Amino acid sequence: MKRYIIKRLLLIFLTLFGLITVVFLISRVAPGDPARLAAGPDATEEMVEVMRKEFGLDRPLIVQYLSYFKGLASGNLGRSIRTRHNVIDDLVQFFPATFELTVFSLLLAVVLAIPLGVLCAVYRDRFLDHAARVFSVSGMALPMFWLALMLQLFLALKFDFLPLGGRLGLLTEPPTKITHLYLVDSLLTGNWAVFKDALRHILLPAFVLCFPALASIIRVNRAEMLEVLSRDFIVSARAHGISKIRTIGQYALKNALIPTMTMIGLRYGWMLGGTILVETVFDWPGIGLYAVQSAVYSDFQPIIGVTLLIGINFMVANLIIDLIYGILDPRVRYE
Amino acid sequence: MKQKSIPMYAEHANTSGFWTQWKEEHESFFRDVRLSFYLFSRSPLSLIGMVLVGAFFLIALIGPWIVPYPEDATGAVHMSQKLTAPGSQFWFGTDEMGRDVFTRVILGTRVSLKIGLIIICAAMGIGVPLGITAGYVGGWVNETIMRITDIFLAIPGLILALAIIGALGPGITNSMIALSLVWWPGYVRLVQGKTLSLKEESFIEAALSVGAGRARIIFLHILPNCTSPIIVKASMDMGMSILAAAGLGFIGVGAQPPAPEWGAMISIARNYLPNWWWYALFPGLAIFVTVLGFNLLGDGFRDILDPQSRGYYRE
C-alpha cells in the first residue's frame, strides 16, 4: 500500500514535469509578444524592452525553462504581467473559491445522481427511467455557459430568486478566514447570515457546473445497478427474506458504487476544467476566471500555474479514488 | 473476403452475368449492412440524431444562399433596426448592430462544421498513426508514445487548450490548433488498445505466416478493423469539439466578433440580457441541437457497429 502510493506520487511528479515541458515547447512557436501586450498599445520600443528584461523574457528559452524549474523548487511560479503579483500569491488567493465551488458542485451531483441512478435501475423502463435518459442525453449536449446565462436570465434577472453572481453580496462582510471556504468558515464561526448569503450565491454556479456530471453519473450508476441487480447473490438475499430496500441499499449499491466512483473522480477534474466557463459567467473569483483573463492577455506564467495546479488536483483526486476502491472492495490489491 | 467458389456455384454464377455474381460474392457484406440499417431504424433516438446531423450538414452547405440577409455575415451595420424583437421580418430578432440573428445563426453552422471537421481530422491524423505504431511495434516505442499521451490526458482538455492559446494568442485558427492538440490522445488510446488485441488474432498470425509485410498487415488488416470504433468516437467528438470551440469563443479567446460563430455571439449577447434575450437564446439553441444530434448519432453508430454493445443495448 505504502509503496503503491509512493509509486503513484512519483508518477504524478513525472507527469507534471512532462506537462511543463509540453507547454513550454508550444510557447516556443508562439508568435505573440506578452511584453508588448503588458506594456500597452502606446508603449515605445524601449518601454517594451524594459518590460521584457524585467520579466526575463529576453533570455533564451532553455534558460527560461531551467530557471522556471529552479523557481518551482522554491515554490516560485513566476510573476503575472497583468496583475504584477507573484503567480503563487494569486493562486493562493483564488484557488479556495474554485475549490469550494467544485467540491460543492460535486457533492450536489453525487447527492442527486446516485439516488436517481438507483431509482432508474429499480424502476427500469418506467416513466422516471425514460425521463432520466432524456435528461442525461440532453445534459451532455447543453453548452454550460449558455445554460448558465439562461438560468441567470430567469432565476436572477426575471424573478430575482437568486443572486446574479459573485461569492457574496456587495454588503456582506466575508467571514473570518480559517479555511478560506466561505461556507465552511461561516459555519465554523456560527455566522448564519453570511452562510445563507454564500449558499444563495453558490447554488446557481454549482448547479450549472454539475449538470454534465449529473448526466454521466446517473448513466453509469444505472447501468452498474442493473448489472448487479441481476446477479445471483441478490436473488439469494431476497429469497432469504431480506427486505428490498436493504438488498438494494446495502448489497447492490455498494457493489455498483465502485465503477461509479471512477466516474466521480474523473468528473472532479472535468469540473475544474468547466470552471473557466462557469466562473466567467458568474463572475466567480476563482482560478478559472483568473486563467481566462490571463489567456486573453497572453499572460503566460499564470496560465502555466493554473494548469499545474489543476493537473495536481486531477491526479491526486484519481489517486484518492483508487485508494477508496480498496475500502469499498476488499478484493482490490495494490501492487 | 473473396470466397473460393465450389464448381456448382461457379457454374451458376457464370450464367447469370457480372452483377449477380458480384452481388452473390458480397452477400455477407450486404447482409451486415441490412442488419445495421434494421438496428438503426428501430432506434428512434438514432434516427433523430441522423436527421439533426443531416440538417446541420445541409444548412452548412447551402446556408449562404438561403439566408434572408447575406450581407449580415460580418460587419454590416443597420443602426435604425438594432435589437428588434423576433417577428415576421427578423425571425430571431436583430443584434446590437441591427444584423439579423437568424442569418448569423444559419451562417454559424458553416463555421462550426469547419471547426469540428478540422479538429477531428487533425486529431485522427495525429492519433491513429501513433496508436497503431504504439500497439503494433510495442516495446519502448509503445512506452514512449503512451507516456506522452498520458501527459496530455493528465489535465482537463479545456484547460490545456486555454494554456496553448495563452502561448499562441487568441483567435479562431489558434483555438482550432489548441483543440486539435488536446484531442488526439483519445484516438491513440482507442487505436492502441484495439491494435494490441487485434495483433493476437489468428488471422494476423495467418497473414504473417504467408509472408505479409508490416505495411500490408497494418493497412489491410488492422486499420480496417479499427474503423468502427473510430467512426463512433469521431461522431461523438464532432459534437463535443464544436461545444468546446463555442466555449472558447464565449470566453473571448476563440473566434472573434464579428465572425458569425455561436459562442462569440453569445459572448456579446450576454451584455444585452435580460431585455434582449433573443440575441443569446438562439445561438445557444443552435449549439445544443447540433451537439445533441451528433451525440445521438454517435450512440446509434455504437449500437450497430460495436458488437459488444449490441447485446448491451438489448440488455
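Residues numbered from 1 in each chain as written. Chains lettered and ligands numbered in written order. Predicted model: local features only at pLDDT ≥ 70, side-chain atom pairs only at ≥ 80, totals over all residues.

1. Let's talk about the overall build of chain A
Reasoning step 1: Looking only at helices and strands, chain A has 13 helices and zero strands in total.
Reasoning step 2: The N-to-C order of helical and strand elements in chain A reads α-α-α-α-α-α-α-α-α-α-α-α-α.
Reasoning step 3: Expressed as a percentage of its 335 residues, the buried residues of chain A come to 40%. (Helix = DSSP H or I, 4+ residues; strand = E, 2+ residues; numbered from the N terminus. Buried ≥ 20, exposed ≤ 12 C-beta atoms within 10 Å, placed from the backbone.)

2. So, the overall build of chain B
Reasoning step 1: If you tally the helices and strands in chain B, you get 13 helices and zero strands.
Reasoning step 2: For chain B, the N- to C-terminal ordering of α and β elements is α-α-α-α-α-α-α-α-α-α-α-α-α.
Reasoning step 3: If one aligns the C-alpha atoms of chain B with their principal axes, the spans along those axes are about 80 × 55 × 35 Å.
Reasoning step 4: The 315 residues of chain B split such that 44% are buried.
Reasoning step 5: Sequence-distant contacts, at least 24 apart, represent 67% of the contacts inside chain B between residues at least 6 apart. (Contact = placed C-beta atoms within 7 Å.)

3. Topic: the environment of I88 of chain A
Residues and elements named next belong to chain A.
Reasoning step 1: You can see I88 is positioned in helix α5 (residues 87-122).
Reasoning step 2: Look at I88 and you get partly exposed, because 17 C-beta atoms sit within 10 Å.
Reasoning step 3: As for I88 and E46, which are separated by 42 residues in sequence, their C-alpha atoms are 29 Å apart.

4. Here we look at unusual backbone geometry
Reasoning step 1: A cis amide bond links P257 of chain B to the next residue, P258 of chain B, at an omega of 5 degrees.
Reasoning step 2: Of the consecutive residues L273 of chain B and P274 of chain B, the connecting peptide bond is found in the cis state with omega at 0 degrees.
Reasoning step 3: Along the chain, P274 of chain B falls in the loop between α11 (262-269) and α12 (278-305).
Reasoning step 4: Of note, the phi angle at R84 of chain A is positive, near 65 degrees, even though the residue is not glycine.
Reasoning step 5: Along the chain, R84 of chain A falls in the loop between α4 (61-73) and α5.
Reasoning step 6: With phi around 55 degrees, D160 of chain A is a residue other than glycine that occupies positive phi space.
Reasoning step 7: Tracing the chain through its elements places D160 of chain A in the loop between α7 (144-158) and α8 (182-188).

5. Looking at the interface of chain B and chain A
Reasoning step 1: With 40 residues of chain B at the contact, the number on the chain A side is 45 residues.
Reasoning step 2: Residue assignment for the side of chain B that touches chain A shows that the elements contributing at least two residues are α6 (139-153), α7 (157-168), α10 (214-251) and α12 of chain B.
Reasoning step 3: Residue composition of the side of chain B that touches chain A, by class: 29 nonpolar, eight polar and three charged. (Nonpolar A, V, L, I, M, F, W, Y, C, P; charged D, E, K, R; others polar.)

6. Points about the domain arrangement of chain A
Residues and elements named next belong to chain A.
Reasoning step 1: Per the domain assignment, the segments making up chain A are domain 1 (2-73) and domain 2 (87-328).
Reasoning step 2: Placing the centre of domain 1 and that of domain 2 at their C-alpha centroids yields a distance of 32 Å.
Reasoning step 3: With 11 residues of domain 1 at the contact, the number on the domain 2 side is 11 residues.
Reasoning step 4: Elements with a contribution of two residues or more to the side of domain 1 that touches domain 2: α1 (2-28) and α2 (34-39).
Reasoning step 5: Sort the elements by how many residues they give to the side of domain 1 that touches domain 2 and α1 lands first, with eight residues.
Reasoning step 6: Of the residues belonging to the side of domain 1 that touches domain 2, the class tally is seven nonpolar, three polar and one charged. (Domains from an automatic or database assignment.)

7. Considerations on the packing of α7 of chain A against helix α9 (residues 192-229) of chain A
Residue and element names in this part refer to chain A.
Reasoning step 1: Taken N-terminus to C-terminus, the directions of α7 and α9 make an angle of 145 degrees; their axes are 10 Å apart at the nearest point. In the packing of α7 onto α9, the handedness of the crossing is right-handed. The segment α7 lies against α9, with M144, L147, A148, L151 and L155 engaging L204, V208, F211 and P212.
Reasoning step 2: Grouping the amino acids of the contact of α7 with α9 by side-chain chemistry returns nine nonpolar, no polar and no charged. (Axes fitted to C-alpha atoms, helices over the stretch in contact; angles between N-to-C directions. Left-handed = near helix turned anticlockwise from the far one by under 90°.)

8. A word on the environment of R231 of chain A
Reasoning step 1: Tracing the sequence through the fold places R231 of chain A in the loop between α9 and α10 (232-239).
Reasoning step 2: Along the sequence, R231 of chain A and A252 of chain A sit 21 residues apart, while their C-alpha atoms lie 9.2 Å from each other.

9. Brief notes about helix α9 (residues 202-209) of chain B
Reasoning step 1: Among the eight residues in α9 of chain B, zero count as buried, and that is only a small part of the element.
Reasoning step 2: Once α9 of chain B ends, the next one or two residues include G211 of chain B, with phi positive near 90 degrees.

10. Remarks on the confidence of the model for chain A
Reasoning step 1: Here chain A averages 85 in pLDDT, while 95% of its residues score no lower than 70.
Reasoning step 2: The least confident element of chain A, judged by mean pLDDT, is α2 of chain A at 66; the most confident is α5 of chain A at 92. (pLDDT = per-residue confidence, 0-100.)

11. A closer look at helix α3 (residues 27-41) of chain B
Count 3.6 residues to each turn of an α-helix, and residues three or four apart come out pointing the same way.
Reasoning step 1: In this model, α3 of chain B (15 residues) spans 21 Å end to end at C-alpha, consistent with the 21 Å of a helix rising 1.5 Å per residue.
Reasoning step 2: Of all 15 residues in α3 of chain B, zero are buried; the element is thus mostly exposed. (Expected span 1.5 Å × (residues − 1).)

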